[in-house]
Amino acid sequence: MPQRAEKTRLQFTVNGDPVAIDVSPAASLLDVLRDELELTGTKRGCEEGECGACSVMLDGRVVNSCLILALECQGGEIVTIEGLRRNGELHPLQRAFIDCGAVQCGFCTPGMVVAAYALLQQNPSPSVEQIKRGLEGNLCRCTGYCKIIDAISSLAKGGR
């Protein structure tokens, strides 16, 4: 009879809330977010780190949650798409994506918004080229990126 893998206690912060959960050593951060914590805004895409649908912020940097073992996040701070909402209101970036028509099928949107959020945290006034670089690793098959860039530009300090 095969032995069950022992679970390990993981303690970290997710969207500002402390979390303590027992996880399999082989569980990815994506698995824990979606399956254990029911934060399904983070999408399961290619599971190879190529599409960006699973992008979250880990300790202030954007990562592909499908490539990170959950236990690597011990003591860390995770921000998912759900964590951008405040008091039940969409983050201005989420609202800009809607207002600019940057949402079509919506599958890539959470990863795009998280990447854009990180970019604007580091550079409140990015050029179009800097926005494109900030979105590298996030694929969209529907929009052609123009409206996504428009949405991010609309929030850049100094406006465009």
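Just so it is clear, the model here is predicted, and its values are computed rather than measured. (Residues numbered from 1 in each chain as written. Predicted model: local features only at pLDDT ≥ 70, side-chain atom pairs only at ≥ 80, totals over all residues. Heavy atoms only, no water.)

Trainee: Explain helix α1 (residues 29–36) to me, please; I cannot follow it from the model alone.
Mentor: A turn of α-helix holds 3.6 residues, and therefore any two residues three or four places apart point the same way. Considered for burial, the residues of α1 that qualify are Leu 29, Leu 30, Val 32 and Leu 33. Where α1 is buried, its residues meet β1 (8–14), β2 (17–23), β3 (55–58) and β5 (77–79). Two residues or fewer past α1, Glu 38 is found with a positive phi of approximately 60°. (Buried < 20%, exposed > 50% of the residue type's maximum accessible area, 1.4 Å probe, protein only. Helix = DSSP H or I, 4+ residues; strand = E, 2+ residues; numbered from the N terminus. Contact = heavy atoms within 4.5 Å.)

Trainee: Which parts of the structure should I look at to understand the environment of Gln 11?
Mentor: Residue position: Gln 11 is located in strand β1. On the basis of relative accessibility, which here comes to 46%, the residue Gln 11 falls in the partly exposed class. Between the alpha carbons of Gln 11 and Val 113 there is a distance of 26 Å; along the sequence they are 102 residues apart. The residues touching Gln 11, leaving out its near neighbours within four places in the chain, are Val 19, Ala 20, Cys 73, Gln 74, Gly 75 and Gly 76.

Trainee: Got a minute to help me understand the nonpolar core in this structure?
Mentor: A general trend in soluble globular proteins is that nonpolar side chains are found buried together. Formed by 25 residues in total, the largest nonpolar core has its most connected members in Leu 93, Phe 97, Met 112, Leu 135, Ile 148 and Ile 152. Among the elements of the structure, α2 (92–99), α3 (109–122) and α5 (146–155) are those that each provide at least two residues to this core. In terms of residues, this core owes the most to one element, α3, which gives nine residues. Setting aside residues up to four positions removed in sequence, Leu 93 forms contacts with Val 113, Ala 116, Tyr 117, Leu 120, Ile 152 and Leu 155. Core analysis: the next-biggest nonpolar cluster, separate from the first, contains 18 residues, Phe 12, Ala 27, Leu 58 and Ile 68 among them. (Core = buried A, V, L, I, M, F, W, Y, C linked by side-chain atoms within 4.5 Å.)

Trainee: Would you explain the pairing of β1 in this entry?
Mentor: Regular strands place side chains that alternate from one sheet face to the opposite one. Two strands pair when backbone bridges link them, and β1 and β2 are joined in this way by seven bridges, in the antiparallel orientation. Each residue of the ladder has a partner; that of Val 14, found in β2, is Asp 17. Linking β1 back to β2 in an antiparallel pair, the connection comprises two residues, with Asn 15 at a positive phi of about 55°. The pairing of β1 with β5 spans two bridges and is classified as parallel. Bridge assignment links Val 14 to a residue of β5, and that residue is Ile 78. (Pairing = 2+ DSSP bridges.)

Trainee: Looking at this structure, how should I read the side chain of Asn 64?
Mentor: Within the fold, Asn 64 resides in strand β4 (residues 61–64). Take Asn 64: its relative accessible area is 19%, and that puts it in the buried class. Side-chain polar atoms of Asn 64 contact the backbone oxygen of Gly 49, separated by 3.2 Å. Here Asn 64 is in contact with Gly 49, Gly 52, Cys 54 and Ser 55, once residues within four sequence places are set aside. (Polar contact = N/O pair within 3.5 Å; in protein donor to acceptor, adjacent residues only side chain to side chain.)

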